[in-house]
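Next come the chains, spelled out residue by residue.
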Amino acid sequence: MAGNEKVDVLIIGSGASGAAVAWSLAETKMRILCLEQGDWMKPTDFPSNGRDWEARRYTDFEISPNRRGRDTDYPINDDNSLMKIANFNGVGGGTIIYTAHWPRMHPSDFKVKSLDGVADDWPVDYWALETFYEENDRMMGVSGLAGDPGVPPRHPPMPPIGLGKTGTRYGQAMNRLGWHWWPSDSSIATTDYEGRARLHQSRPLHAGLRPGRQGQHRHHLLAAGHPRRRRAAHALPGARDHDRRERHGRRRDLLRRRRRRAFPAGRGGDPGLQRRRHAAPAAELGLGQVSERPRQFVAAWSART
Amino acid sequence: MAAALEPRLSDVEINDLGKIAGTMVPEDTALGMPGADDPAILDDIVKSIGRDLPLVREALAAIAAKSGGAFAGMDRGAREALINEWYAGGGMPAVALGRVIVGAYYRDDRVLVAIGHEARAPFPKGYILEQGDWSLLDAVRKRQPFWRDDRVTPAGER
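Residues numbered from 1 in each chain as written. Chains lettered and ligands numbered in written order. Predicted model: local features only at pLDDT ≥ 70, side-chain atom pairs only at ≥ 80, totals over all residues. Heavy atoms only, no water.

Details of unusual backbone geometry
Part 1: Here the residue pair F123 of chain B and P124 of chain B is connected by a cis peptide bond, since its omega of 5° sits within 30 degrees of zero.
Part 2: Considering the arrangement of structural elements, one finds P124 of chain B in the loop between α6 (109–114) and α7 (138–141).
Part 3: Backbone geometry places A119 of chain A, a non-glycine residue, at a positive phi of 50°.
Part 4: Its identity is not glycine, yet E194 of chain A carries a phi of approximately 45°, on the positive side.
Part 5: On the secondary structure map, E194 of chain A appears in the loop between α6 (164–177) and α7 (214–222). (Helix = DSSP H or I, 4+ residues; strand = E, 2+ residues; numbered from the N terminus.)

Next comes the structure, spelled out in structure tokens:
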């Protein structure tokens, strides 16, 4: 495209929104330019290809550009914000690192003024968007479980990711506390879906996974006109603490009896639990105060059924 | 000041790091698992510190100060107690130290094999996740819907 060529639509960013808008307008034959401040990601560059995948979640695939420091990154001052920056400058944007979590806003989120007396209501409501939420779920290939009493009815096109040992333990703890829980919707193929192979490893995901589904979706949307590539989607073992617990599952009892770790004792010395509690202290997360909820959950998690 | 500008840990710092790592993750011969002070693992830790070097240095210095420079000569129980006490309030240096130690430890082939994992990258083979106990949701399903329906007035009218 020549430097001064006029376009009909200019889209800034090729992430979850930009790529979807670009795709939705492709058939209109308008001249569309999507600008992205990062480059295309090569599948071979993703951490899941190597043994150091976990460490790279805190280096070149760190969610904060302030630590990640790629050539495409620039510092962002979030010192005075409780919400710390999490982004990725590259084709696919935040979907490169977003772990495929796929929540919807609640109906009440659109009516904060009329319901709660704060800020302003949106000019649209959940019900006007519901059809598009459903369509987006279908296009992205969302897995989940219908029946959650905490949200309006929805219909994920694929079954949910398995609970695994971690999810089962989590559910037991939440039931013990009487707290609500439900498997999250995820933009991860748990079955073969519309020409795409299912994820070979369905686990909670974290930054640095080989996109396969989520980031690759956006790549495909931008390459409008290119056929969708059939590819096997793979994921990392998941959140470090979840993964640790999965790995230790077979020897957990023996480990507790025989291994003594000099991480803070806390609840029974479970290594996975230690790492979860101390991997992200409140100060690092920028939280001024931490409620009692996490401690209650930790206690429930540690209790034996 | 000069030491702080060094691009990698000194031999003395590496030695200290090994003592600390071996205390935090000791060897377990019964499980066939090396300690984090194993030469190969320690070498991997040192090579992996990267951008966490300043924080790791800060952690080493804090532990040295807390022990009066006598950490290596303390018995295991005393070393564990010291690290436990320091870790609780150690902030970002403690997080960084724990992360580099455990991150390197759990990619060692012997450790992975000992805990029943294959010593390989996640891709392309992936892993199988068990479905788990879905009946745990039975109690949750019985609850009445509790999301706020913005179409219903406080009086309960639509």
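Side note on a nonpolar patch on the surface
Part 1: On the surface, a cluster of nonpolar side chains totalling about 310 Å² of accessible area is made up of L10, I12 and L35 of chain A.
Part 2: Positionally, I12 of chain A belongs in strand β1 (residues 9–12). (Patch = residues over 30% accessible without salt bridge, like charges linked within 9 Å, V, L, I, M, F, W, Y side chains within 5 Å. Areas by Shrake-Rupley, 256 points an atom, 1.4 Å probe, with all protein chains shown as cover. Salt bridge = Lys/Arg side-chain N within 4 Å of Asp/Glu carboxyl O.)

Regarding the confidence of the model for chain B
Part 1: Taken residue by residue, chain B gives an average pLDDT of 92. The fraction at 70 or more is 97%.
Part 2: Model confidence for the complex is summarised by a pTM of 0.73, with the ipTM given as 0.82. (pLDDT = per-residue confidence, 0-100.)

Quick notes on the nonpolar core
Part 1: Counting residues in each nonpolar core, the largest one holds 36 residues, and the members touching the most others are L17, I20, M24, I45, L97, I101 and Y105 of chain B.
Part 2: Elements with a minimum of two residues in this core: α1 (11–24), α2 (39–48), α3 (53–67), α4 (76–88), α5 (91–105) and α6 of chain B.
Part 3: Ranked by residue count, the leading element in this core is α5 of chain B, at seven residues.
Part 4: Counting residues in each nonpolar core, the second largest holds 13 residues, with L145, L163 and A173 of chain A together with L136 of chain B among its members. (Core = buried A, V, L, I, M, F, W, Y, C linked by side-chain atoms within 4.5 Å. Buried < 20%, exposed > 50% of the residue type's maximum accessible area, 1.4 Å probe, protein only.)

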